[in-house]
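Breakdown of the fold
The primary structure of each chain is shown beneath.
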Amino acid sequence: MTLWILNGNVWDETSGSLLNKHVRLEAGQIAEIIDGANTPDTGSAEVIDAAGKLLSAGLIDMHVHLRDPGFEYKEDIATGTRSAAKGGFTTIACMPNTRPSTDTPETVKYILDKNASEGVVRVLPYAAITKNQLGRELTDFAALKEAGAIGFTDDGVGVQSAQMMKDAMALAKSMDMPVIAHCEDNTLVEGLFFSEGEFARKNGLKGIPNESEAIHVGRDALLAEATGVHYHVCHVSTEQSVRLIRLAKSIGVRITAEVCPHHLVLSDEDIPGLDSNWKMNPPLRTPRDVQAVIEALEDGTIDMIVTDHAPHSAEEKARDIQLAPFGIVGFETAFPLLYTKFVLTGKWTLGFLLQRMTSDPARVFRLPTGRLEQGAPADLTLIDLDSERAVDPSTFASKSNNTPFDGWKLQGWPVTTIVNGAVVYSESAN
Ligand SMILES: NC(=O)N[C@@H](CC(=O)O)C(=O)O
Ligand SMILES: [Zn+2]
Ligand SMILES: [Zn+2]
């Protein structure tokens, strides 16, 4: 089947501007990209009119929670991938803190099979480092890789034992697989839920210290140096972590990192009250940390943006703040949030934002997607950069609506998402 996308605005890095292009998709690939001045013979092909819209490689999100299997009341593969598609994402990598946790080849296969039958975007499963993510015993890395896992992580919790982490890295290195880490020292965070800073002080709360994250980053950077593994740091949120990653990169450690939109846009001083929609892990840090992660993303110390889409039910989030789970949904606000806060304000070019959400994750995780080039997989996103509307969680495709961005007026909403040459989300059809 042939699909023509006509008159899309494609970012051109050389001129730093948008150029009008026609793109032909064929057999799941980008078959041809031609200058908008030409009139292609579209024949009997299907045609999408992209006039006035940004046409980008599909967005990639290397850190998401689909909650399937086991927590389908929060999200499942059908709704999670639809939420991703609505946010413009075409490839997502899902975390193993499911029930059972993704610690056997059977669960990896379950995710891949269910996505093949019910999902609408590409789903790349991570497998757990330790059985049940309990930190006691390594999983069967070889069998998990064979089943289709793309990396190992215990996200949701940190691997507390340095020896366990070192063993995991050595094994992962021997099979050319990355280790992805949620960095958190449990002894420093017990019972705490907002970060050390103004908000905690004002509310008489003991706060989560920055070192709880950075201690693991430093430890793991040393272990990555010793083992030679590709080590990737999850949701970086502190100045101290940034400093350590920058140092490790400068001496050639194979370390990469990600940051979430909320850690780029919000500090603890923005938290309006004891509201669990502002409770996530890592917590919102101080304005100084926010500045540090922004600079780190800008200079390449942090390689990519991920959402850490973490759906939880309204009932769970309505619990007392101490008991409510950590996490916020992210797919359906990520692009407009960052476009509004960083591109429209002139801080970043559109090309920079797109790069950190497409080609950079693809480069780091060696994915064939993330590039708008002839021969690449036909994963594309159309975004209306002029459309402005308020975030309305009741319209989310996700099963959950736990977001701190309710009511925020944002610009730049995805309107059409194409995976493997097929339209999987269209604003007009919703
Ligand atoms: N980020 C969160 O606040 N929560 C995540 C776990 C995680 O990413 O560590 C979740 O699974 O809910
Ligand atoms: Zn985490
Ligand atoms: Zn996570």
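Residues numbered from 1 in each chain as written. Chains lettered and ligands numbered in written order. Predicted model: local features only at pLDDT ≥ 70, side-chain atom pairs only at ≥ 80, totals over all residues.

Buried residues dominate helix α11 (residues 334-343), accounting for eight of its ten residues. Packed against the buried residues of α11 are β6 (59-64), α8 (261-265), β12 (304-305), α12 (350-357), β13 (380-390) and β14 (409-419). (Buried ≥ 20, exposed ≤ 12 C-beta atoms within 10 Å, placed from the backbone. Helix = DSSP H or I, 4+ residues; strand = E, 2+ residues; numbered from the N terminus. Contact = placed C-beta atoms within 7 Å.)

Helix α7 (residues 239-250) packs onto helix α6 (residues 211-227) with a crossing angle of 15 degrees between their chain directions and a minimal axis gap of 8 Å. By the criterion of interaxial angle, the relationship of α6 to α7 is roughly parallel. Judged by the twist between their axes, the crossing of α6 over α7 is left-handed. Facing E211, E213, A214, V217, G218 and A221 of α6, the residues of α7 in contact are Q240, S241, L244, I245 and A248. (Axes fitted to C-alpha atoms, helices over the stretch in contact; angles between N-to-C directions. Parallel < 35°, antiparallel > 145°, perpendicular 65-115°, else oblique. Left-handed = near helix turned anticlockwise from the far one by under 90°.)

Glancing now at the UniProt feature "active site" (unreviewed entry) in the chain. With numbering aligned to this structure, UniProt lists the feature "active site" (unreviewed entry) at D308. In this structure, D308 sits in the loop between β12 and α10 (314-317). Taking the number of C-beta atoms within 10 Å as the measure of exposure, D308 has 28 and is therefore buried. Dropping the residues within four chain positions of it, D308 is found in contact with H63, H235, C260 and G330. (UniProt positions renumbered as here; feature names shortened; annotations may be inferred.)

Once that is clear, we can look at the sheet that holds β6. Spatial strand order, β6-β7-β8: three strands in an open sheet with parallel pairing. The open sheet has two free edges, formed respectively by β6 and β8 (122-125), since each of these has just one partner strand. Neighbour-to-neighbour, the strand axes of this sheet turn through a mean angle of 20 degrees, independent of strand direction. Note: β6 against strand β7 (residues 89-94), four bridges, orientation parallel. Paired with L59 across the bridge in β7 is F89. Strand contacts of helix α1 (residues 77-86): β6, β7 and β8, with the helix running at about 135 degrees to β7, the strand carrying the most contacts. (Pairing = 2+ DSSP bridges.)

Every α-helical turn comprises 3.6 residues, leaving residues that sit three or four positions apart pointing alike. Taking 1.5 Å as the rise per residue, α7 with twelve residues should run 16 Å; its terminal C-alpha atoms sit 17 Å apart, in good agreement. Every buried residue of α7 is accounted for by E239, S241, V242, L244, I245 and A248. A positive backbone phi angle near 90 degrees is found at G252, which sits one or two residues after α7. (Expected span 1.5 Å × (residues − 1).)

Once that is clear, we can look at the environment of G148. By the secondary structure assignment, G148 is in the loop between α3 (141-147) and α4 (162-174). What makes G148 partly exposed here is the crowd of 15 C-beta atoms within 10 Å. Setting aside residues up to four positions removed in sequence, G148 forms contacts with V108, L112 and P125.

What follows covers the sheet that holds β12. Here four strands make up an open sheet; going across it, the order is β9-β10-β11-β12 and the pairing parallel. Each edge of the open sheet carries a strand with a single partner, namely β9 (179-181) and β12. As paired elements, strand β11 (residues 255-259) and β12 share two bridges and run parallel to each other. Considered in β12, the bridge of E258 is made with M304.

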